[in-house]
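Each chain, letter by letter, is given below.
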Amino acid sequence: MAKFGRKRAQSKNDGADGSGSDASDTEGGDVEVSESKTNVKPGDYQVQVHIIEARDLKPRESGGYSDPVTVVTCFEQKQSTAIRKKTLSCIWDQVLFFEKKISVEELDTGKALIAVYDANAYTKDVMIGAIEMDLMPVYERKNHEHWRKWYPLTDITDENEGVQGYLKLSVTILGPGDEQVSHEDDDEDDDDVDMKGLAQEGYLLKIQAECAESLPRMDRLGKGCDAYVGIKFAGNPLVKSEIVKSLDPVFHEELHVPVMLPTMSDKVEVQLYDWDRGSSDDLIATNYVKFSKLQKNGMKPRWLNLYGSPRKTETEFKISDKKHKKVKELMDKGKLEGSAWRGRVLLSATVEKEDEPKMSSKGEFKFAKVEQCPWFRKDGSEGLKRPEESSFTLRFDVFEGSEIPKNGDIHIELSIGNFVVKTKAAKSSKGCCQWYQSITETDIRLPANEAERPDLFVDLYKGSDRLAYQRYKLSSLPANPEAPRWELFKADVFGGLSENDFPGAVLYAIGFRESSDPFLSANFVEPPPANMTPPRKIRYELRAMIYQGRDLPAADDDGSADPFIIVKCAGEEGRTSRREGTLHPAWYETVRMNVDLYENVNLSPDIQLLVYDWDRVGTNDFLGRVSVPIRDAISFKAGDKPKWYPVTINTFGKTETEGEILASFQVMPVDVAGRTPMIDIRPEMKDVTVRVVAVGVRKMEPYKFSKIKKPHVELDLGQRAKKDEDRIRTKKSSKPEGPNANFLEVFEIPAKVPRDPLYAQTVNVRVFDNRKIPPFHPLIGTASIPLAPYLERRNEQLEEFVKKKEAEQLAAEMEAEAKHAAAHRRQEHAAAAQPLLAPDDDVLDQPNPFTQMGSDDDEAAPAAVAHDDAAGAGAGGAGDVELGAAGQNGQQAATGAAAERTAAAANARVEQPRRGERRDSNALRTFWRGALSKVKSGAKFLPIDTTHSDSEDDDEDVDDTPEYLKGRPVVDDELEDTMGDPIFDSFTLQRGQVRGKAFGKGGIKKVGTFKGMVAIIDKELDGLKPEWREEFAALQKGPDTEQILKPQPYVVRAYILKGKNFVPKDDDGTSDPYLIVELGKKKNKDRERVIKNTLQPEFHYVYEMNATLPGTSQLHITAMDWDAVSSDDLIGSTTVDLENRWFSQEWQKLAKENDGKVPVETRSLWNPTSTAAQGKMTMWIEIIPKAQAPKVPLLDISLPPPESFEFRMVVYRARKMVPMDSITKMNDLYITATLEAGADRDHVQGVLMKEETDVHWRAGKKGSFNWRMKYEITLPMKMPRLKISAWDADLIGGNDMVGEKMITRRIRKMFKRVLRKHREGLTGLQALEARKRHWIHLRHPDRDGSMGELEVEYELMHKTFADSRPNGKGRQDPNAYPTLPPPDRIKFNPLRPDKMLMALLGPELVTKCCMVGCCILVLVGLAMMVPLIFSNLISSALGA
């Protein structure tokens, strides 16, 4: 969105209503990007959602349990985990991947909905709870992730209130060029996680939708719109208003959205829809409101403006291609800048505390009756108060247009909401158009609150077709029209302009003010007369000085172009000559044109440079455009340097940049130009030798399905030589093989290069193949070597060399002086003959132990420590300690920058020793070595920490680091990224085109690499002292190439440990990875060693191959997804350049350190279909001379075979169990114990082993089992845990869960300890781990407090030891280890029916039955006594 001039002062009514309607409250369809998002790039984004586990889920089945499954929706894609059966706490340990190419606005408005459902086989899944996350806040976090965090779940269907469980997950977002940070495997979770900090509070977001105005016509038949408002937030489904058939609908409705805080969402979506019968509803537009602002201040009634695609119906758009439809969809969703105003909606909002917030507007929605405007009631009385409005004045002075894309009648239309005004039409010819019109509108009614005012659109029309537009915030416009300026327009995506069409530029000035403001009125300039006439123009001469271009887009099939430039200004044009076969053309031409410009040349249009590719047949191809402000030509002075201008092209509303043009411009009246000599733009040159060591080509792709046979390389400076004998070419080579041919030639090319690197030319590299059949010599790839960096490097090299030599000379002089002074003092001591002050030389020569503290070098000479009588232990003493440390560190320091060495030598102060002391020359040399050097910063390697704490058994950390990793450094990155610049220069060879006739049909393609060494040898060494010239001349040539030019055999060993976070390729959300390792012709395809159903494969493979270096050096490691029927899918690959490693001094140093242990590195995997990493792989690479390879043993890194163990558990008894039968207050109790774990190499589907006891019928609050459970398992096991559950069995219907207990940390520690003991050779009881009889508390997520207690014990032992201690499951024989007595349960005893009845019915029910029986007996007795009583009464009466 453009800004025009300075932002004016806020008007007196802005924000006066106190509604909190700051401009930042809403983020309309134009979604402005904040400063924190300026570094975010559009491109391929990958969202990884790692679903780890769930706990305390609320049950959805009648038995008090669920079958949970997690479903994640992101980027309009949906993926799910596996289903876990009959549980309220479970482990998934699954990673779900979502990948899409998106814009920054799409990321800013994107969301991820993570929902947990209760899966049902035949009916719809029932939601348990969900959480919604905004993507941008996650991406802005450190490492772009939320790592292993617990989140509360909320039922967004509004059926259940409160927290519905807890979900542990990680969310990572990777954008273009991002690499995922590796974390250590963290499975040390506590058994009971404190969820108090995750408690949520209920709130209700109330949105009062009053009305909408000026909606676009949406119905294809008729002129109406069936509008309704939709609100979406925090994962809740769209809350809708009733439907009103009108372009100005009145809703009068309050919409309720329940919100549980804290929430991971902050953007409230406000959408307007058009209802359609029989088809999906059409989205009108979207606006976003920040919930955090609403919660803080609320929102009084205010207008929300809606922006999106142009205001036309679908049929009027006539868009059939997917790209245009996608652009329209993104604009209307607010994910791209809207190019038109689409109406406004009046809303107010409050956020209220609500213990049980309920959603409004459920079910089907009906048409509402059309009501009167909300400002008046039906009886005519005043209703809702309309937002305050003010009167505003708009002034628009338009003058000329330049580079108008269409000829004909062109007019400009200005619109602010409903207000529209047009200019008169003007004829456009040769891209020029003149209006010279002033428009002043003095009574534009707009909201007084600045944030509610619509934006201003300035549209460029040809007839009824909008060609281009510009958009302004009203707050950015000046109150008074300032000096007019040229504004570049944006192409209307739907206006029919091609990518070659420039949308045009118009010269105009805008003023916008509040009409009632007296200060502004007094300073408002009156409009010019209606008959504005064009000002006088004079003849100018424009000089476009075109120097060169770089990195232009390829437009020919061979990956090059034949570029030339057309210069346009004010309807005139000129052109340069063409340069053939280069993307880095050098012109050094001046294009002169006579143009008619304003007398005030500052008002002239921009200068346009149109870059084309010349084609012999057909039309030339448009490569891009450069727009140069005329002020650059006005301000240019002789001696000014030219500028690099970017080359841009517009495609579907987006501006792409590729390439640059180096140019400068002059503009002056013609008469002045006749007296002004032309500037010689050719730079001052000097004679140099360009030294190119052509090592070879690497990994050349086939040409037209034919393998590269015998390539050779041609080099030239700037443009290909016309004569064959003038071309610089290597020999033809097929050794060691065509795609990786070695040339091993040194070319020293005499050349003239500019003294200023700004003008440095480019070396063009062309690779040809040599074949016996046509085409005999095809061009198979091109590359470019810019010389500017090498010229700059040479200049820096010379400067550093001079400083170094001067510092060395100064140091030598000072050392000689110090030696002379020391010798003089020794003579004085000898003459004085004072034994106490002249100790023996042997004593004086002893090293100072204090200066060597912490030194690892036994031979390091001590730094001299100076003593000062006056300083003592004060400042002088402190200085002495620093000098001593400097000398000490100097023993191991690498040479630093020459400037620092010079400063150290110049500033260092050597303290004079006291009488009787002396300083030996060795110590002095040590001091200067420390003072004149610094430690070179390198890669920080992190050794694997193999220590563990010795605390109590349950908290003991188990060290399971393999021997081959102990002491080996670890780099969480590609190793070459930590080693500095490689010794070789690699230049990408490419073929194809990104512009031209085949544009969009394949594009540019990387076909290989040219590898070499480039240096510039300067013959002019006049600035150096004669004795330094020979040394610097050798330094210019670069590293010694003697070893490089003599290939030697080597053995390469690739130790590949594991993969992490591979992108899934199968429908079930996993992959079946296997490896392909290639080095030249040698290819190891390990398809038979596929690892099924995993994204975290454990490989632990070693590959040994022979290599010749230099030569075939590209070690390719590829991860493939195995498929049974279709072809295998590429997951990703990584390439290690062995040459760069072996010939690197840093690599050689690393190989010698750490006892020869090469660092472990983590490499990202890449796929050509995406710019996001496809996973990571951990490995290390060894390169060994072939003669030494037999002396270096091959390490066995294979995983130890999984070991069989037996986990035994005994359930003894239960107590204090909460009864589940509401009538009998009894339980029919049984216990289940589930051993579960995540997926790993040996458990590709994870682990889920379940055992259960028999049922203790009529158990009451106590239960007795004495039941043994046995699990045969294999270790190691990922994230194991034991879940113990108590159930109430029901004969009819589902069983009821009483409670459960998760045992996580103790089980994982036990499993690791037992496995470690076994691998250490311990057996029998020494390797057994047990947890003796103890009580555990059971919990239920739906109830507070303890649900009962269980007495259990469990132990883990190796299978062989378990076989020697046999026992049966349950209560089967053999009854041993331990011996279990029969359970204490009800026994049939006909002699004691009272006890039997008490046990069967329970005490409470028996008591109730007894009471009922007694009542019945009393009633029966009374009934039997009534006749007797009556008879006695009658008898008494008769007797009387």
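Model, not experiment: these values are computed from the prediction.

1. Focus: the overall build of the protein chain
Reasoning step 1: Broken down by element type, the protein chain carries 20 helices and 61 strands.
Reasoning step 2: Across the 1440 residues that make up the protein chain, the buried fraction comes to 52%.
Reasoning step 3: The long-range fraction of contacts in the protein chain, counting pairs at least 24 apart against all pairs at least 6 apart in sequence, stands at 73%.
Reasoning step 4: Roughly 67500 Å² of accessible area belongs to the protein chain as shown, and the carbon and sulfur atoms make up 51% of that amount.

2. Re a nonpolar patch on the surface
Reasoning step 1: A surface patch of nonpolar side chains, about 730 Å² in accessible area, is lined by Met1425, Val1426, Ile1429, Phe1430, Leu1433, Ile1434 and Leu1438.
Reasoning step 2: Structurally, Met1425 can be placed in helix α20 (residues 1403-1439).
Reasoning step 3: On the accessibility criterion, Met1425 (46% relative accessible area) is partly exposed.

3. Overview of the nonpolar core
Reasoning step 1: Ile1056, Leu1115, Leu1138, Met1177 and Trp1180 are the most contacted members of the largest nonpolar core, which has 50 residues in total.
Reasoning step 2: Apart from residues lying up to four places away in sequence, Trp1180 is in contact with Tyr964, Leu965, Arg968, Arg1053, Ala1054, Tyr1055, Leu1057, Val1158, Pro1159, Val1160, Leu1195 and Ile1197.
Reasoning step 3: Counting 38 residues, the second largest nonpolar core, distinct from the first, contains Val1211, Met1220, Ala1237 and Met1347.

4. Description of the state of the cysteines
Reasoning step 1: Inspection of the entire model under this criterion finds 0 disulfides.
Reasoning step 2: There is no disulfide at Cys433, and the cysteine sulfur nearest it, in Cys432, is 8.8 Å away.
Reasoning step 3: Since its relative accessible area comes to 1%, Cys433 is described here as buried.

5. Looking at the sheet that holds strand β47 (residues 1073-1079)
Reasoning step 1: Spatially, 4 strands are ordered β48-β47-β50-β51 in an open sheet, and the strand pairing comes out antiparallel. What marks the edges here is a single partner per strand, and that holds for β48 (1082-1085) and β51 (1129-1137). Direction aside, the axes of adjacent strands within the sheet are offset by 15° on average.
Reasoning step 2: Relative to strand β50 (residues 1114-1121), β47 runs antiparallel, the two being bridged by 7 bridges. In the sheet register, Leu1075 faces β50, and the bridge partner there is Ala1119.

6. Here's the deal with the side chain of Ser664
Reasoning step 1: You can see Ser664 is positioned in strand β36 (residues 654-669).
Reasoning step 2: Judged by relative accessible area, Ser664 falls into the buried class, the value being 4%.
Reasoning step 3: In this view, Ser664 contacts Arg543, Ala544, Met545, Tyr547, Phe636 and Pro642; residues no more than four positions away in its chain are not counted.

7. Looking at helix α16 (residues 1145-1152)
Reasoning step 1: N-capping of α16 is provided by Ser1144, with a side-chain oxygen placed 3.3 Å from the backbone N of Glu1146.
Reasoning step 2: Asn1154 sits one or two positions beyond α16 and adopts a positive phi of about 55°.

8. With respect to the pattern of salt bridges
Reasoning step 1: Counted by the stated rule, this structure contains 69 salt bridges.
Reasoning step 2: Across the salt bridge formed by Glu684 and Arg755, the nearest N and O atoms sit 3.2 Å from each other. Pair noted here: Glu684 is in the loop between α8 (670-675) and β37 (685-698) and Arg755 is in the loop between β40 (742-754) and β41 (762-768), with a separation of 71 residues, a long-range link.
Reasoning step 3: Take Arg755: its relative accessible area is 35%, and that puts it in the partly exposed class.
Reasoning step 4: When salt bridges with common partners are traced through the structure, they connect Glu53, Arg55, Glu1236 and Arg1281 into a single cluster.

9. Notes on a positive patch on the surface
Reasoning step 1: Residues Lys710, Lys731, Lys732, Lys735 and Lys772 make up a contiguous surface patch of positive charge.
Reasoning step 2: Summarising the element assignment, Lys710 is placed in the loop between β37 and β38 (712-717).
Reasoning step 3: A relative accessible area of 38% places Lys710 in the partly exposed class.

10. Here's the deal with the environment of Pro750
Reasoning step 1: Here Pro750 shows up in strand β40.
Reasoning step 2: A relative accessible area of 64% places Pro750 in the exposed class.
Reasoning step 3: It is 8.8 Å that separates the C-alpha atoms of Pro750 and Arg691, two residues lying 59 residues apart in sequence.

11. A closer look at the sheet that holds strand β43 (residues 970-971)
Reasoning step 1: Taken together, 5 strands build an open sheet; the order of strands is β43-β52-β53-β46-β49 and the sheet is mixed. The open sheet is flanked by β43 and β49 (1098-1109), the only strands paired with a single partner.
Reasoning step 2: The pairing of strand β46 (residues 1048-1060) with β49 spans 10 bridges and is antiparallel. What sits directly across from Val1052, in β49, is Met1105.

12. A look at helix α14 (residues 1026-1036)
Reasoning step 1: If you check which residues of α14 are buried, you get Trp1028, Phe1032 and Gln1036. Looking straight down α14, one finds that the buried residues subtend no more than 75° of arc, so they occupy a single side. Exposed and oriented more than 90 degrees from the buried face of α14 are Glu1027 and Glu1030.

13. Remarks on the pairing of strand β42 (residues 779-786)
Reasoning step 1: For β42, a buried count of 6 out of 8 residues is recorded, marking the element as mostly surrounded by other parts of the structure.
Reasoning step 2: In this sheet, β42 lies alongside β41 in antiparallel orientation, the contact comprising 7 bridges. Bridge pairing in β42 links Phe768 to Leu779.

14. Quick look at the packing of aromatic side chains
Reasoning step 1: In total, this model carries 27 aromatic pairs according to the counting rule given.
Reasoning step 2: Relative to Tyr759, the ring of Tyr547 has its centre 5.7 Å away and its plane inclined at 35°; by these criteria the two rings are tilted. With Tyr547 in strand β29 (residues 537-550) and Tyr759 in the loop between β40 and β41, this pair connects stretches of sequence that are 212 residues apart.
Reasoning step 3: Here Tyr759 falls in the buried class, since its relative accessible area comes to 12%.
Reasoning step 4: On the basis of an interplanar angle of 35° and a centroid distance of 5.8 Å, the ring pair of Phe1207 and Tyr1354 is categorised as tilted. A residue pair is termed long-range when its members are at least 10 positions apart, and Phe1207 in strand β54 (residues 1203-1215) and Tyr1354 in strand β61 (residues 1348-1358) qualify at 147 residues.
Reasoning step 5: Exposure remark for Phe1207: the relative accessible area of 0% places this residue in the buried category.
Reasoning step 6: The class for Tyr1354 is buried, based on a relative accessible area of 2%.
Reasoning step 7: Through pairs of rings, three or more aromatic residues link up here, namely Phe1062, Phe1099, Tyr1101 and Tyr1103.
Reasoning step 8: Between Arg344 and the ring centre of Trp303, over which it is positioned, the NZ or CZ distance is 3.9 Å.
Reasoning step 9: Cation over ring: Arg1333 sits above Tyr1212, and NZ or CZ is 3.6 Å from the ring centre.

15. Let's talk about the pairing of β41
Here is the key point about a regular strand: its side chains alternate between the two faces of the sheet.
Reasoning step 1: For β41, the tally of buried residues reaches 7 of 7 residues, placing the bulk of the element in the interior.
Reasoning step 2: The sheet contact formed by β38 and β41 spans 6 bridges and is antiparallel. Bridge pairing links Leu717 to Val763 in β41.

16. Some points on the confidence of the model for the protein chain
Reasoning step 1: In this model, the protein chain carries an average pLDDT of 79, and 80% of its residues clear a pLDDT of 70 or more.
Reasoning step 2: Here helix α11 (residues 875-890) is the element of the protein chain with the lowest mean pLDDT, 35, and β47 is the one with the highest, 94.
Reasoning step 3: The low-confidence segment residues 28-36, where pLDDT is below 50, has 31 contacts with residues more than four positions distant or belonging to other chains.
Reasoning step 4: Here residues 313-318 is a poorly scored stretch, pLDDT under 50, and it has 11 contacts once near neighbours within four places are set aside; other chains count.

17. Concerning the side chain of Ser103
Reasoning step 1: Along the chain, Ser103 turns up in the loop between β5 (90-102) and α1 (104-109).
Reasoning step 2: Judged by its relative accessible area of 5%, Ser103 is buried.
Reasoning step 3: Residues contacting Ser103, with those up to four places away along its chain left out, are Pro42, Lys335 and Leu336.

18. Section: unusual backbone geometry
The phi angle of most residues is negative, glycine excepted, and most peptide bonds adopt the trans form.
Reasoning step 1: The omega torsion of the bond from Pro774 to Pro775 falls at -10°, within 30 degrees of zero and hence cis.
Reasoning step 2: Examined against the element boundaries, Pro775 turns out to sit in the loop between β41 and β42.
Reasoning step 3: Residue Asp93 is not a glycine yet carries a positive backbone phi of 55°.
Reasoning step 4: Note that Asp93 resides in strand β5.
Reasoning step 5: Asp93 sits in the buried class, given a relative accessible area of 10%.
Reasoning step 6: In the Ramachandran plot, Arg148 falls in the positive-phi region, its phi being about 45° despite a non-glycine side chain.
Reasoning step 7: Among the structural elements, Arg148 can be located in strand β8 (residues 145-154).
Reasoning step 8: On the basis of relative accessible area, Arg148 is assigned to the buried category, the value being 14%.

Calculation notes
In this convention, every chain numbers its residues from 1, walking through the sequence in written order. The predicted origin of the model limits local features to residues at a pLDDT of at least 70 and limits the giving and counting of side-chain atom pairs to 80 or more, whereas totals for whole chains, interfaces and linings rest on all residues. Here the side-chain values reflect all heavy atoms present in the structure, with hydrogen atoms and water set aside. Counting from the N terminus, the helices are DSSP H or I runs at least four residues long and the strands are E runs at least two residues long. Each residue gets one of three labels from its accessible area relative to the maximum for its type: buried under 20%, exposed over 50%, partly exposed in between, using a 1.4 Å probe on protein chains only. Whether two residues are in contact is decided by their heavy atoms: any pair within 4.5 Å suffices. The protein chains shown are the only cover counted for residues, whose accessible areas, like all others here, come from Shrake-Rupley with a 1.4 Å probe. Residues enter a patch when their relative accessible area is above 30% and they make no salt bridge; the linking distance is 9 Å between like charges and 5 Å between nonpolar side chains (Val, Leu, Ile, Met, Phe, Trp, Tyr). Salt bridges are identified by distance alone: a Lys or Arg side-chain nitrogen within 4 Å of an Asp or Glu carboxyl oxygen. Grouping buried Ala, Val, Leu, Ile, Met, Phe, Trp, Tyr and Cys residues that are joined through side-chain atoms within 4.5 Å yields what is termed a nonpolar core. By definition, disulfides here are pairs of cysteine sulfur atoms that lie within 2.5 Å. Paired strands, as defined in this entry, are two strands with at least two bridges between them according to DSSP. Here an angle of 0 to 180 degrees is reported between the N-to-C directions of two axes, which are lines fitted to C-alpha atoms, with helices fitted over the stretch in contact. We call two N or O atoms a polar contact when they sit within 3.5 Å, provided that within protein one can donate a hydrogen and the other can accept it, with sequence-adjacent residues counted only if both atoms are side-chain atoms. Lys and Arg are tallied as positive, Asp and Glu as negative. Neither His nor the chain termini are counted. By convention, the charge on Lys lies at NZ, on Arg at CZ, on Asp at CG and on Glu at CD. The directions considered for the arc are those from the helix axis to the C-beta atoms. Between 30 and 60 degrees the pair is tilted, below 30 it is stacked and above 60 it is edge-to-face, where a pair is any two Phe, Tyr or Trp rings, Trp via its six-membered ring, whose centres lie within 6.5 Å. Sitting over a ring, as applied to charges here, requires NZ of Lys or CZ of Arg to be within 6 Å of the ring centre and within 35 degrees of the ring normal. A score from 0 to 100, pLDDT tells how confident the predictor is in each residue.

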